[in-house]
Amino acid sequence: MRAILNFFKKIIKGAKSEAAPVATNGKIYSRSEHTISRSQISENALKVLYRLQKDGFDAYLVGGCVRDLLLGREPKDFDVVTNADPEQVKKVFRNCRLIGRRFRLAHVHFGREIIEVATFRGASDADNNKQVLDKEGRLLRDNIYGTIEEDVWRRDFTVNALYYNIKDFSVVDYVGGMDDHKMASLKLIGDPSTRFREDPVRMLRAVRFAVKLGFNIHPDCEKPMHDLAGLLASIPSARLYDEALKLFLSGYALQTFEMLRHYGLFKVLFPATEASLSVEEDGFPRLLLIKALENSDNRIALGKTVTAYFLFAAFLWEPVQILAKKKMARSEPEFIAYQEAANEVLSRQVKSTAMPKHITMAMREVWSLQPKFNVRLGSKPSRLLTHPRFRAGYDFLLLRAETGGVDPEIAEWWTRYHLADENEQRKMTQPPRNASATKRKRTYRRKPKVDTPSPDA
Ligand code: ATP
Ligand code: MG
């Protein structure tokens, strides 16, 4: 036991493992040789970096933030790496929480901003027994602390492996990331096929970054993507759901969708949707999904919110329709057919991307509101207006109307109706005179009395 502890202590202190691939010849770009200025860096991230440095530790920004800063973009978040281990980090910051069981990370809290501080990770070399791979080459465990020269190897793309050093404001590059950055090229560190096998999610990340940054995927990485796309199916569905959110709520959903399909990745994430795309209806391709993706991107561009459930309801609308129609052809009543189709489609989908219950519930609601929009007389329309999902259901109706799924006149009516004042709304839902007379007659007709047998019968 003591031997094992000493072994770990040695690693934490930064001793190199013999079999580990260690980056040498890191190229240092001094402050005058790159464009990153401290004014672009969040104040809280700077505080963390300076504080670690003051306490005698090395501290760098790394990953997406360095990549984005070099592009002059505002990073989504700032990730810090250091040679301090998590317990040491915790001692430096009062506002710090340690998270993660497999690999401990420190979260330093500043109000709503969290700066993630990771300790350098150890080598990724299958021979050194610290890295555990499954039979497909997937990385199951790599939870050892290391040095910066080791840390660099476990990162995915060269442009994500640039380190901004707070000590002298230089950028340290072990893997040619600066050159790739200039070439706008996404290149995996090491052998692409091995790295995709280690973690197939890297294929999704390649697409996400290519679209978001306008970078190309290096040809050496493209080929294995076509071949290995299926490996994504081995990734836990909860992780794939998280990735799907990042992919489709990014503001570039349409382009992302097209690129994912190109590499054969989309069908792993949304198999039923992919299958429905090849089924044309009356010779028309199914456009609702495309329109939903486009609208979602436009909303994000305008600073409006988008919800995951709305988009995923659009993804699975066609599969639900197709299945429901099959059931109706087997003489199931419409309402039941749609309910069952929704249940079946959702329970299959969560095996690929584990959507949480509140999301699938909301999707069901959006779907089940659709037939209700057909009723435009009486008290039902005003009740529908108070439904918590009315807005989403109505937006979905507009989407269907725009893409030929429902009579546009119905959507126009609902647009007028929900904007009208109460008086106008009452008029709009009043049955025409003749119809009301018939209705009244029917309403007041007494039911035939059921004869109760007389006691002496
Ligand atoms: P984003 O702008 O989306 O935050 P990012 O590159 O910062 O992009 P993160 O998921 O925040 O992405 O990861 C931070 C860094 O951790 C990455 O830049 C990369 O160096 C490393 N990393 C993340 N995920 C992986 C992975 N699956 N394989 C290897 N390295 C990874
Ligand atoms: Mg990040």
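It should be emphasised that the depicted structure is a prediction, and the values quoted were computed from it without experimental measurement.

A few points about the site of ligand 1
Around ligand 1 lies a shell of 17 residues, among which K76, D199, R202, R208 and K212 are the nearest. Between N160 and ligand 1, the recorded distance is 3.1 Å, taken from a backbone N or O atom to an oxygen atom. Between ligand 1 and R205, the relevant distance is 3.0 Å, taken from an oxygen atom to a side-chain nitrogen or oxygen of the residue. For ligand 1, whose accessible area on its own is 580 Å², the fraction buried by protein is 86%. If you map ligand 1 onto the pockets, it falls in the largest pocket. Contributions of two or more residues to the shell around ligand 1 are made by α3 (64-70) and α8 (201-213). Per element, the largest residue contribution to the shell around ligand 1 is 5 residues, and it comes from α8. For the shell around ligand 1, the residue count by class is 1 nonpolar, 3 polar and 13 charged.

What about the packing of aromatic side chains?
Counted according to the given criterion, the structure contains 24 aromatic pairs. Plain terms: the ring middles of Y163 and Y174 are 6.5 Å apart, the flat faces sit at 80 degrees to each other, and that makes the pair edge-to-face. Separated by 11 residues along the polypeptide, Y163 in strand β9 (residues 162-165) and Y174 in the loop between β10 (170-173) and α6 (177-182) bring together distant segments of the chain. Residue class for Y174 comes out buried when judged on its relative accessible area of 17%. For the ring pair F248 and F315, a centre distance of 5.0 Å and an interplane angle of 80 degrees mean the geometry is edge-to-face. Taken together, the positions of F248 in helix α10 (residues 237-248) and F315 in helix α15 (residues 308-329) put the pair 67 residues apart, joining distant regions of the chain. Residues F248 and F315 agree in their burial class; the two are buried. Ring pairing ties together the aromatic residues Y241, F248, F257, F266, F270, F312 and F315, which thus form one cluster.

Concerning the environment of R416
If you trace the backbone, R416 turns up in helix α20 (residues 408-419). With relative accessibility at 48%, the residue R416 sits in the partly exposed group. A sequence separation of 12 residues divides R416 from M428, and the C-alpha atoms of the two residues are 9.3 Å apart.

Quick notes on the side chain of T429
Structurally, T429 is set in helix α21 (residues 422-429). Within polar-contact distance, the side chain of T429 engages the backbone oxygen of Q425 at 3.1 Å. Of the polar contacts made by the side chain of T429, one reaches the backbone oxygen of R426; its length is 3.1 Å. Here T429 is in contact with R376, L377, G378, P381, W413 and Y417, once residues within four sequence places are set aside.

Overview of the confidence of the model for the chain
For residues with low pLDDT, the predicted coordinates do not support detailed interpretation. Here the chain averages 88 in pLDDT, and 85% of its residues register 70 or above. In the model, residues 448-457 has pLDDT below 50 throughout and makes 0 contacts with residues more than four positions away in sequence or in other chains.

Cut-offs and rules
Residues numbered from 1 in each chain as written. Chains lettered and ligands numbered in written order. Predicted model: local features only at pLDDT ≥ 70, side-chain atom pairs only at ≥ 80, totals over all residues. Heavy atoms only, no water. Near = heavy atom within 4 Å. Polar contact = N/O pair within 3.5 Å; in protein donor to acceptor, adjacent residues only side chain to side chain. Areas by Shrake-Rupley, 256 points an atom, 1.4 Å probe, with all protein chains shown as cover. 1 Å grid on protein atoms, 1.4 Å probe; cavity = no way out; pocket = protein on both sides within 12 Å on 5 of 7 lines; lining within 4 Å. Sits in = over half its atoms within 2 Å of the grid points. Helix = DSSP H or I, 4+ residues; strand = E, 2+ residues; numbered from the N terminus. Nonpolar A, V, L, I, M, F, W, Y, C, P; charged D, E, K, R; others polar. Phe/Tyr/Trp six-rings, centres within 6.5 Å; stacked < 30°, edge-to-face > 60°. Buried < 20%, exposed > 50% of the residue type's maximum accessible area, 1.4 Å probe, protein only. Contact = heavy atoms within 4.5 Å. pLDDT = per-residue confidence, 0-100.

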